[in-house]
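Given next are the chains, with one letter for each unit.
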Amino acid sequence: MKAPLNIGDRVPNFALSDQNGKVFNLEEELIDKKLVLFFYPKDDSLVCTQQACAFRDAYSELAVYGARVIGINSGTVESHQNFSQNQRLGMTLLSDPHSVVLNLFGVKNWLFLTGRETFILDQTGIILFKYRNLFSGKSHLKKVLKFLQSNAQTQ
């Protein structure tokens, strides 16, 4: 198994199906936006719902920093579609049923759950930020915003 990706690494291209069955190709999506990729264990679970809804509710604030949010887990396209509709998420959710992308990023399992990690990629696919916290879904948005705000001030 390859070493997990870290800050400063370029993410290899990958393609996964989104909640509508459309193929998401990383290289095509990096053209003009930073990507916030959040890996989460399970659709419709309490903490995962809090995490996804926190990102949903901060859409306009994230857009100010040129960031687009993408959720990824090993759930099915159908599960993602239901989750997205039930929570009115309005963001792309990618299905990684064989955990290929989760393993590529080195997202760690905890007991029977896949991990909860968030990454920010620049427009060239370089990892700028990495954060892991399995038990606090809302903390991911707070850390992302803090990072984006501090980087905007230094540019």
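Residues numbered from 1 in each chain as written. Predicted model: local features only at pLDDT ≥ 70, side-chain atom pairs only at ≥ 80, totals over all residues. Heavy atoms only, no water.

1. With respect to the pattern of salt bridges
Close approach of charged atoms allows side chains with opposite charge to pair.
Move 1: Scanning the model with the defined rule gives 3 salt bridges in all.
Move 2: Taking the shortest distance from any N to any O, the salt bridge between glutamate 29 and arginine 68 comes out at 2.3 Å. Of the two residues, glutamate 29 is situated in helix 1 (residues 26-29) and arginine 68 in strand 4 (residues 67-73); the sequence distance between them amounts to 39 residues.
Move 3: A salt bridge links arginine 56 to aspartate 57; its shortest N-O distance comes to 2.8 Å.
Move 4: Take aspartate 57: its relative accessible area is 57%, and that puts it in the exposed class. (Salt bridge = Lys/Arg side-chain N within 4 Å of Asp/Glu carboxyl O. Helix = DSSP H or I, 4+ residues; strand = E, 2+ residues; numbered from the N terminus. Buried < 20%, exposed > 50% of the residue type's maximum accessible area, 1.4 Å probe, protein only.)

2. Here's the deal with the sheet that holds strand 5 (residues 92-95)
Move 1: In spatial order, the strands read 2-1-5-4-3-6-7; together these 7 strands make up an open sheet with mixed pairing. Edge positions in the sheet fall to strand 2 (23-25) and strand 7 (127-132), since each has one partner strand and no second. Ignoring which end each strand starts from, the neighbouring axes of this sheet average 30° apart.
Move 2: Bridge analysis of strand 1 (residues 15-18) against strand 2 gives 3 bridges, and the strand direction is antiparallel. Bridging from a neighbouring strand, alanine 15 pairs with asparagine 25 of strand 2. (Pairing = 2+ DSSP bridges. Axes fitted to C-alpha atoms, helices over the stretch in contact; angles between N-to-C directions.)

3. A word on the environment of glycine 71
Move 1: For glycine 71, the position within the fold is in strand 4.
Move 2: Here glycine 71 falls in the buried class, since its relative accessible area comes to 0%.
Move 3: Separated by 39 residues in sequence, glycine 71 and tryptophan 110 have C-alpha atoms that sit 18 Å apart.
Move 4: Not counting residues within four places of it along the chain, the set of residues in contact with glycine 71 comprises Phe38, Tyr40, Thr92, Leu93 and Leu94. (Contact = heavy atoms within 4.5 Å.)

4. What about a nonpolar patch on the surface?
Move 1: Residues Trp110, Leu111, Phe112 and Phe135 make up a contiguous nonpolar surface patch of roughly 570 Å² in combined accessible area.
Move 2: In this structure, phenylalanine 112 sits in the loop between helix 5 (100-105) and strand 6 (117-121). (Patch = residues over 30% accessible without salt bridge, like charges linked within 9 Å, V, L, I, M, F, W, Y side chains within 5 Å. Areas by Shrake-Rupley, 256 points an atom, 1.4 Å probe, with all protein chains shown as cover.)

5. Let's talk about helix 4 (residues 77-87)
Move 1: Turning to helix 4, its buried residues number three or more, namely His80, Phe83 and Ser84. Looking straight down helix 4, one finds that the buried residues subtend no more than 95° of arc, so they occupy a single side. For helix 4, the exposed residues set more than 90 degrees away from the buried face come down to Glu78, Gln85 and Asn86.
Move 2: Packed against the buried residues of helix 4 are helix 2 (46-57), strand 4 and strand 5.
Move 3: A positive phi of about 50° marks arginine 88, the residue just after helix 4. (Arc of directions from axis to C-beta.)

6. Brief notes about helix 2
Move 1: Helix length check: helix 2, at 12 residues, gives a terminal C-alpha distance of 16 Å against a target of 16 Å (1.5 Å per residue), a fit within 8%.
Move 2: Considered for burial, the residues of helix 2 that qualify are Cys48, Thr49, Gln51, Ala52, Cys53, Ala54 and Phe55. (Expected span 1.5 Å × (residues − 1).)

7. Some thoughts on the side chain of threonine 92
Move 1: Checked against the element boundaries, threonine 92 lands in strand 5.
Move 2: You can call threonine 92 buried: its relative accessible area is 12%.
Move 3: Within the structure, the side chain of threonine 92 is placed 2.8 Å from the side chain of arginine 68, a separation counted as a polar contact.
Move 4: Not counting the four nearest positions on each side in its chain, threonine 92 is found in contact with Asp18, Gln19, Phe24, Arg68, Val69, Ile70 and Gly71. (Polar contact = N/O pair within 3.5 Å; in protein donor to acceptor, adjacent residues only side chain to side chain.)

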